[in-house]
Amino acid sequence: MSLKKSPWLLHYDGSSCNGCDIEVLACLTPVYDAERFGVINTGNPRHADLLLLTGSINHQNEEVVRNLYAQMPEPKVVLAVGICATSGGVFADCYNVKGGADKVVPVDVYIPGCAARPEAIIDGIVRALGVLEQKRAAAEKKV
Amino acid sequence: MESLIPALTYLLLAPLAGGLLAGVDRIVSARMQRRVGPPLLQPFYDVAKLFSKGDVEVNGLQYPLALCHLVFMALAGALFFAGGDLLLVIFVFTVAALFLVAAAFSSASPYSFVGAERELIIILAAEPALLIAAAAIYKVAGSLSFLAVAASGTALITRLPGVFLCLVYVLTMKLRKSPFDLSYSHHAHQEIVKGITTDLGGRSLAFIELTHWYENIFLMGLVYLFFAFSLPLGLAAVALTYFLEVLADNTNARVRWQLALSSTWGITLLLAGGNLLALYALGAK
């Protein structure tokens, strides 16, 4: 129960045009106020429960994303925000682009859109909380 | 035995009161930013979650150091409310803060180091004010014990207005509020990664949050001491002081450490030192 009520998120901008990043920050503004659900935008992977990735994966940010994911404590959930993070979008065929976030880390929730709307991002976060609970339940079963 | 009851009450109820205070703080902050804000019990949800997270210590030292931080802070507050010597309370309070610095220095992260160094600056800045406050309280009330001063009915605030104002200034640092939240802030994404807690997560971070609740209630007790002659006035003073701290937090940008240190020492020298000198000059008992 407590996991669900206190999602702290880490936002990483891979190679996004900043459209999705602005929308992620818009979620925290007075209009959408994601803190109503206990969401805190922390800048620290060790404190984070959710990893929000925007932009496509390329050869330069691949290691960074993997590193950030590894530093987050279990249970953790990854959200691919925007069409670039979900599949590479219009950049998928570029020589320097590897594709979506799922090329390097396991993605649990895909939030498409160009840019993804704040409503969609908040909806995605709420869905991610369900996944987080499932992961914890699965981890407890294993022990 | 009589002093045991307030100490035990503090140990049991301070986390509860401190958590609620943090919840009110977050709602009031949100309203100041025209947001709805989180539920009142959000700080409790956060701490419960941190305890349920996986093991994330980066070395074997962090966890015991964070635990010591909690134990010594609770001890400082319990000593204070039990009527212990105020100088000893301040000493234990500082030791508690140093454990947090040690926990941050034990990791290899440069961000953690920057946070720890800034925390040391905060301790350095705040210490003279606390010690002068203790000396001034002894000069006026003739005792260094919370219970004795409260029972004597001495109106500290009328004799020590400068010391009180200086203490409120220093409180901004200790409550981790802007403009002096150099090493750690509760607000989103404001520091160099996450300041002093960069490498602390899970249960270690939960201990630090709990410690902060103990600390806040102790500091509010210190504010109350100046108005201890009247219970309603004391509680009103505590509420108003905390509100002003939240207001300052939401209306100020963080200052550089040089300004934080020099302004605090300046204010301490002028207000608290001046107040103390005036007491001696006027030959007041």
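Refer to the preceding data block for the structure.
Described below are features of the structure shown in this document. (Residues numbered from 1 in each chain as written. Chains lettered and ligands numbered in written order. Predicted model: local features only at pLDDT ≥ 70, side-chain atom pairs only at ≥ 80, totals over all residues.)

**Structural notes on the overall build of chain B**
What chain B contains, in helices and strands, is 11 helices and zero strands. Secondary structure elements in chain B, listed N-terminal to C-terminal, are α-α-α-α-α-α-α-α-α-α-α. Whereas a compact globule of 285 residues would reach a radius of gyration of roughly 19 Å, chain B reaches 19 Å, a difference of no more than 12%. For chain B, the C-alpha atoms occupy an extent of roughly 60 × 45 × 40 Å along the three principal directions. Taken over 285 residues, chain B has a buried fraction of 52%. The contacts in chain B between residues at least 6 apart in sequence include a share of 76% that link residues at least 24 apart. (Helix = DSSP H or I, 4+ residues; strand = E, 2+ residues; numbered from the N terminus. Rg over C-alpha atoms; globule rule 2.2 N^0.38 Å. Buried ≥ 20, exposed ≤ 12 C-beta atoms within 10 Å, placed from the backbone. Contact = placed C-beta atoms within 7 Å.)

**Details of the packing of helix α1 (residues 4–32) of chain B against helix α9 (residues 202–225) of chain B**
Residue and element names in this part refer to chain B. Closest axis-to-axis distance for the α1/α9 pair is 8 Å, and the angle between their directions is 90 degrees. One way to sum up the angle between α1 and α9 is to call them roughly perpendicular. Across from Ala14, Pro15, Ala17, Gly18, Gly19, Leu21 and Ala22 in α1, the residues of α9 making contact are Leu210, Trp213, Tyr214, Asn216 and Ile217. In the contact of α1 with α9, the residues fall into nine nonpolar, three polar and no charged. (Axes fitted to C-alpha atoms, helices over the stretch in contact; angles between N-to-C directions. Parallel < 35°, antiparallel > 145°, perpendicular 65-115°, else oblique. Nonpolar A, V, L, I, M, F, W, Y, C, P; charged D, E, K, R; others polar.)

**So, the pairing of strand β5 (residues 77–81) of chain A**
Looking along a regular strand, one sees the side chains alternate between the two faces of the sheet. Residue and element names in this part refer to chain A. Within β5, five of the five residues are buried, leaving the element largely enclosed by the surrounding structure. With burial as the criterion, each face of β5 is covered, one bearing Val77, Leu79 and Val81 and the other bearing Val78 and Ala80. In the sheet, strand β3 (residues 50–54) pairs with β5 via five bridges, with the strands oriented parallel. When the bridges of β5 are listed, Thr54 appears paired with Val81. Bridge count for β5 against strand β7 (residues 109–111) is three bridges, and the pairing is parallel. (Pairing = 2+ DSSP bridges.)

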